[in-house]
Amino acid sequence: MIKPKVLIILAFAFLLICGTLQSQTPTVASGKIIGKITDETGAALPGVSVVAESPKLIGKSSTVTDVYGVYRLFALPPGDYTITYSLQGFNTVVRKDIILHIDETLTINITMTLGKIEEQITVTGTPPLIDVKSTTKGMTITKQVFDVLPRGRNFDTLTTIVPGVNSEPWLGGISVDGASAAENLVYIDGTDTTRNDVGLPRMGAVFEFIDEIQIVASGYNAEYGGALGGVINVVTRQGGNEYHGEIIGYLNSSWLTGNERDSLRLNPFDITKAEYVNYQTGKGLPKAYGKDKWNRFEGGLSLGGYILKDRLWFFGSVLPVYQPTKRHVEFLTTPPVIGDYTSKSYAYNFQGKITAQPFRFMRVGASFVNNFTKWRKSLPPRDGTGSPTDPRWERDGYDYPGWNAQGFADLTFGNNLMINIRGGRFFYDTTNQQFVSTEPRWFHYGDGTAKYPSIPSQYQRPRGWQNYGRSYEFKKYIKYKNYLSADFTYYMNLGGEHAFKFGGSWFRQGEDADRTITNPEIWLWWGRPRILGGVNYGIGTYGHYEVRGDNNPDRAGPFGEFFKVYNDRWAFYLQDSWTIADKLTLNLGLRAESEYVPPYSADPSIPKGFRPIEFEFGDKLSPRLGLIYDVFGDTSLKVFGNYGLYYDVIKTYMPAHSYAGFKWKSAYYTLDTYEWDKIGVGGIFPGKLLAVYDWRYPSFESTDIDLKPVSQREIALGVEKKLMENLSATVRFVQKHLRRVIEDVGVLVPGVGEQYYETNPGFGYSLWTTHGGKMDPNYWETPKAKREYYAINFSLDKRFSNNWLAGFSYTWSRLEGNFSGLGSSDEYGRTSPYVERSFDNWAMSYTKNGELIDGPLPTDRPHQFKFWGAYTFPFPLTVSAVVFAMSGKPFTETWTYLDAFQYPFNRFYYRDENGKLQTKRTPFTWFGNVYAEYNLKVGKYKINFNLNVDNIFDIKTAQRLYAYRTLYGLSVSEAMILAKNWDLTTPNINYVPNALFMKETDFYGPISARLGVKFIF
């Protein structure tokens, strides 16, 4: 029997040969226009010629109505369309100004009248606002919109105007419906450009490269997989039947930016004191250092047009960036060292696209987007804790090549059949390292040398001092994704209209890494004992120190990443959009995927073909059920709902760290000498060896044999109503339930101690032995990972007309549980999918009193208001604004014990000075950004002057309250935790108060402006 994978390969090969596209790459998401044509009596008109034209459509798209009077125009790029309907004996109808977005299906029904003398009837009415075939909710931002709104330079800076979409640095970036940034998928012209290891976006695209941005928050069909958050589709620009171009320039600068915000820190020489400092104004410092002085210069050009009219188009854009930054630093040395240091960064951004129509039934194209960045020279820390002799200040830096290439073929056959073929490659690297260490790295931590005034001054260093910042050597760090996919769409009538769509995809992602260190890292813990798992291993005369990268396997061994692997993923889906009686549409779909993780070890004892994790098609079955009811049958009011299961795609950060790709053994010694600069030199490590701990012991034998993939259930209901021409309103309720996650769970095994297992928390190995797991029943059992998101969105959307556009939304939401997702909002910006710290030990899921942790997650914002709008005056001036207002984030008191952060009183609680439990949030936040442009006509050309201002009111609201009450880990035994009879007042638990606790920090950034000019021809 031929295996399914072999069949799909043969099918792909056949399609590629038929389409003459043996090396083409993937298409953008495209739309459809469908409808029914009748005469004045309501009878269907077969044989009507339907022709669509658009400046964004190469050639023309044409079809003929079938016996039911139905027409369908497939594979249309987003744009502004004119459609002509003609039939002998009837007046020709021309429908203009039809605006089609990404992945949209517009329904346009036409009535044709008899005419003795044929004449043309032009209809310029407002195009449909509502897609009555889709349950998808989100937003499509067209070039017409983003060109006039306040924005950054990259496409993602406007995604937050969508209801339920926020910028949350604590979740790694863009959060969609409460999910972390690592749970989104970002496509540029159809290619997934998220990082293999952590799932965050890796590629950028400036707005001058782009035609449309689509943000899908919920309700997407079975053709999409791998996202628990949102799907972001970016469509780049293309040429046309006229030549057009721009010469572009932008300037950002420190002199266009407001005053720096205060920084909260511990005093470098007395860590019992918290202080606010401001390096620009000198607050809390001996003197003012002034701003970092920087300028960001961006300039380039774009050009689009045709090689052959209606046959072959091209577009290209080049926008390099140069940014030097100068910093004044006074090092905390004796005597002081003072100097000015400069860092420089460069970006070489360019994009190109070719579009062709070789035959009437075929459109093909290819595009390429390049992000090559590099930087030279590091800047010392402003607090002066760096080393003035650190060589990185003069010779640090890396190159970051990155590009994605893709192509597509769209083939349409009559009214009923469409075939789409796509393929592409995404590649990125880290290379050309400028500085490689030649000596050990010494990092001063703990209480700092100031605790020991008898130490000679030449050995005194402030807490946080290091002789250089990074030991990793990027000898090789290549990562890539390849893919090939095809889908077939077929329409037929059987109890209504069916749109069947079947597709299959093959993905390969690979990594070739050598990021190991040559010289060891020495972490000097002045005044601190070594505590591991609540066990105190001892302390030397001055504390203890940790060694990483000793390269002696009997002590520490190598440190860093070293592997060369790849893995394949297959996906198939079948969906049917079934319309009954022209009003009710059922979207029924099923997606199935298979994927596996290869071992990252070169150990010859590992059997060939061994896969630590493998999910078959039956493990990742994703049903998608949607219902849309066109209440009046005229696309003016729809009621919709959907149910779906969604599965994550395995990120490679966990396999690299769990399956021998990352080597990390630490050796711990007593610190008995103050001559710290001799430790590690020549491979000499003085003091008593306290312990050797393998922080990345391979998990081949400790991966749950019944491991299930990460998945989420979604339920959404909504109503969308056309209120008037160009104005619509939407109400959406959505509930998203995290079903299972994969994590490295710390499990206490009877007779062995703590072991880490790759498992589903609350299932399998994480349970008590009496429940079929590995956990000792004498300890608290691991609960299920929980994340629940509830939201109601209300939004108004006013399309551009009468010189203005606008949007407003209000979202009430609730985000709660014990797990924030693949990116952890419990730690700022930590994105380590499947190896977050949420279940690192058995006590982390419980309060100090043994109650299960549950409650609002750190990025829960119950109320969010968003407004955006633009107005163009009769003279050529456009002004616009984006204003956001939202609830603050919940504050939770945090302690450190058992080598991990813990919530002693549950989420959203802290204990005040009187010992009472209280709740608190960060302050309510609001801010506004504005934009203005003036267009000066010079003959047939135009000069555009523009100004973008972020945080126009210079809001300074704190975004965080410092949560850690403990400065160091507490010496609390497991027996004490189980007995629940201890507190911070308990003797000998090593409690040192953290002076930063509950103080405001992370203040909203200052007002900043960007100047721009364009010469448009």
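The structure displayed is predicted, hence computed values, not measured ones.

Asker: Explain the sheet that holds strand 15 (residues 210–218) to me, and be specific about the residues and the numbers.
Answerer: Across the sheet, which stays open at both edges, the five strands sit in the order 10-15-16-13-14 with mixed pairing between neighbours. Bordering the open sheet on either side are strand 10 (137–142) and strand 14 (191–192), each of which pairs with just one other strand. Sheet topology note: the strand 10/strand 15 ladder contains six bridges and is antiparallel. Paired with Ile 141 across the bridge in strand 15 is Ile 213.

Asker: I'd like a rundown of the pattern of salt bridges, residues and numbers included.
Answerer: Under the definition given, this model contains 59 salt bridges. Among the ionic pairs, Glu 595 bridges to Lys 620, the shortest N-O distance being 2.6 Å. Of the two residues, Glu 595 is situated in strand 35 (residues 584–597) and Lys 620 in the loop between strand 36 (613–615) and strand 37 (621–630); the sequence distance between them amounts to 25 residues. The class of Glu 595 is buried, set by a relative accessible area of 4%. Lys 620 sits in the buried class, given a relative accessible area of 1%. Bridged by salt links that share partners, the residues Arg 153, Glu 208, Arg 296, Glu 298 and Lys 1014 form one connected network.

Asker: Residue-level account of empty space enclosed by the protein, with values.
Answerer: For the structure on display, the rule yields nine cavities of 30 Å³ or more. Roughly 110 Å³ of internal volume is contained in the second largest cavity. For the second largest cavity, the lining is made up of 14 residues, of which Asn 166, Gly 178, Tyr 789, Thr 859 and Gln 864 are closest to its centre. At the level of elements, strand 11 (165–168) and strand 46 (804–817) are the ones that each hand at least two residues to the lining of the second largest cavity. The element best represented in the lining of the second largest cavity is strand 46, accounting for three residues. In terms of residue class, the lining of the second largest cavity is built from two nonpolar, seven polar and five charged.

Asker: Lay out the environment of Asn 519 in plain terms, naming residues and giving numbers.
Answerer: Among the structural elements, Asn 519 can be located in the loop between strand 29 (497–516) and strand 30 (521–526). The spacing of Asn 519 and Ser 471 is 48 residues in sequence and 7.4 Å in space, taken between C-alpha atoms. Every residue in contact with Asn 519, bar those within four places of it in the chain, is listed here: Ser 437, Thr 438, Glu 439, Pro 440, Tyr 468 and Gly 549. Within the local environment of Asn 519, its side chain forms a polar contact with the backbone oxygen of Ser 437, the two atoms lying 3.1 Å apart.

Cut-off values and rules
Residues numbered from 1 in each chain as written. Predicted model: local features only at pLDDT ≥ 70, side-chain atom pairs only at ≥ 80, totals over all residues. Heavy atoms only, no water. Pairing = 2+ DSSP bridges. Helix = DSSP H or I, 4+ residues; strand = E, 2+ residues; numbered from the N terminus. Salt bridge = Lys/Arg side-chain N within 4 Å of Asp/Glu carboxyl O. Buried < 20%, exposed > 50% of the residue type's maximum accessible area, 1.4 Å probe, protein only. 1 Å grid on protein atoms, 1.4 Å probe; cavity = no way out; pocket = protein on both sides within 12 Å on 5 of 7 lines; lining within 4 Å. Points joined across faces, edges and corners; volume = space filled by probe spheres on them. Nonpolar A, V, L, I, M, F, W, Y, C, P; charged D, E, K, R; others polar. Contact = heavy atoms within 4.5 Å. Polar contact = N/O pair within 3.5 Å; in protein donor to acceptor, adjacent residues only side chain to side chain.

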